[in-house]
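This is what each chain is made of:
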Amino acid sequence: MKILVLENNPQELEKIRQILNENRDILIPLESSEQIWPHLQSEEFCFLIANWDTSDIRHSQFIARARAAKPAESLYIILITTKSSDEDLAPSGADDIIQSPFRARDLNDRITMAERIISLSQSLASARVQLENQAVFDTLTGFMNQPAFFRQSAGELERARRESEPLSLIAFDVDNFKIINDPLESRPVMMSCALLRKSSARKAALMIASAAGWAMSL
């Protein structure tokens, strides 16, 4: 796993590097919290180890800004600090805190636990996306299902009324669908019909959905 490390003490940085090498993780050294942003913007998930005392992560309020900009599950943060007071660390917003000086084994255990949490979070995020897609899209054609089409159509109807623009609805079905469907199965037939209809319509304001069985709405 690729791990961002914000540590300005060369000795501590080398200690972390050795631990990550043993785990076959990739260390990406950073000098300031601003260097984290490109990774947050370009990657789905970031794992950060930062020194709370020696880096600028506290004064730049990076964690609060990052939490506001990205979902909580997209960034995992371990802070290293010499402080032991809960009052000093309460506003940190970190997922985990390890007190320095620390043993290599202690940090290794925290990293292992973090990677398990990250893996679980990614699996849950993927499952959530699949469930959201199933609630909106038809499994045969990949286009919107009927309930989603009705919800979206209501918004389009209101927009057309508000802007005094025309709005068209086309419903069509496939003749002799059962004769075609039995030897070929329904998915390729439905996909071909949906794509053909989509290619022949104006790209702007196009909304196609499976209505019922072999019927479609546009």
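Being a predicted model, the structure only gives us computed values, none of them experimental.

**Section: the sheet that holds strand S1 (residues 2–6)**
- Strand order in the open sheet formed by 5 strands is S2-S1-S3-S4-S5, and the pairing between neighbours is parallel. At either end of the open sheet lies a strand with only one pairing partner, and these are strand S2 (26–30) and strand S5 (96–99). On average, each strand axis in the sheet is inclined to that of its neighbour by 20°, with strand direction left out of account.
- Bridging between strand S4 (residues 75–81) and S5 involves 4 bridges; their strand directions are parallel. Its bridge partner being in S5, Thr81 is matched across the sheet by Gln99.

**Some remarks on the pattern of salt bridges**
- Applying the stated criterion across every chain, the model contains 7 salt bridges.
- Note that Asp96 is salt-bridged to Arg110, the shortest N-O span being 3.0 Å. Linking Asp96 in strand S5 with Arg110 in helix H5 (residues 104–136), this pair joins segments that are 14 residues apart in sequence.
- Overall, Asp96 belongs to the buried group, its relative accessible area being 13%.
- Salt-bridge contacts for Glu163 lead to Arg159; the nearest nitrogen and oxygen are separated by 3.4 Å. Separated by 4 residues within a single helix, Glu163 and Arg159 lie in helix H6 (residues 146–163), roughly one turn from each other.
- Here the residues in one salt-bridge network are Arg159, Glu163 and Glu165, joined through shared partners.

**Observations regarding the environment of Glu156**
- Examined against the element boundaries, Glu156 turns out to sit in helix H6.
- Since its relative accessible area comes to 22%, Glu156 is described here as partly exposed.
- Between the alpha carbons of Glu156 and Leu167 there is a distance of 8.0 Å; along the sequence they are 11 residues apart.

**Some details on the nonpolar core**
- Among the nonpolar cores identified, the biggest contains 19 residues, and Val5, Ile16, Phe47, Ile49 and Ile111 are the most heavily contacted of them.
- The residues touching Phe47, leaving out its near neighbours within four places in the chain, are Met1, Lys2, Ile3, Leu4, Tyr76, Ile78, Ile111, Ala114, Glu115 and Ile118.
- Ranked by size, the runner-up nonpolar core spans 18 residues in total, among them Ile28, Cys46, Ile63 and Ile77.

**Here we look at unusual backbone geometry**
- Cis geometry marks the peptide bond from Ser100 to Pro101; its omega dihedral reads 0°.
- Along the chain, the position of Pro101 falls in the loop between S5 and H5.
- Even without glycine at this site, Arg24 takes up a positive phi of about 60°.
- Looking at where Arg24 falls in the secondary structure, it is placed in the loop between helix H1 (10–22) and S2.

**Considerations on the pairing of strand S3 (residues 46–51)**
- With 6 of its 6 residues buried, S3 lies for the most part within the structure.
- Alternating positions in S3 separate into two faces, Cys46, Leu48 and Ala50 on one and Phe47, Ile49 and Asn51 on the other, with burial throughout.
- Taken together, the 3 bridges between S1 and S3 define a ladder with parallel strand orientation. By the bridge assignment, Leu6 is partnered in S3 with Ala50.
- Pairing between S3 and S4: 6 bridges, direction parallel. Within the sheet, the bridge partner assigned to Ala50 lies in S4 and is Leu79.

**Here's the deal with the environment of Ile97**
- Its place among the elements puts Ile97 in strand S5.
- Its relative accessible area of 28% is what places Ile97 among the partly exposed residues.
- Considering only alpha carbons, one finds Ile97 and Trp52, 45 residues apart in sequence, at a separation of 9.3 Å.

Conventions used here
Residues numbered from 1 in each chain as written. Predicted model: local features only at pLDDT ≥ 70, side-chain atom pairs only at ≥ 80, totals over all residues. Heavy atoms only, no water. Pairing = 2+ DSSP bridges. Helix = DSSP H or I, 4+ residues; strand = E, 2+ residues; numbered from the N terminus. Axes fitted to C-alpha atoms, helices over the stretch in contact; angles between N-to-C directions. Salt bridge = Lys/Arg side-chain N within 4 Å of Asp/Glu carboxyl O. Buried < 20%, exposed > 50% of the residue type's maximum accessible area, 1.4 Å probe, protein only. Core = buried A, V, L, I, M, F, W, Y, C linked by side-chain atoms within 4.5 Å. Contact = heavy atoms within 4.5 Å.

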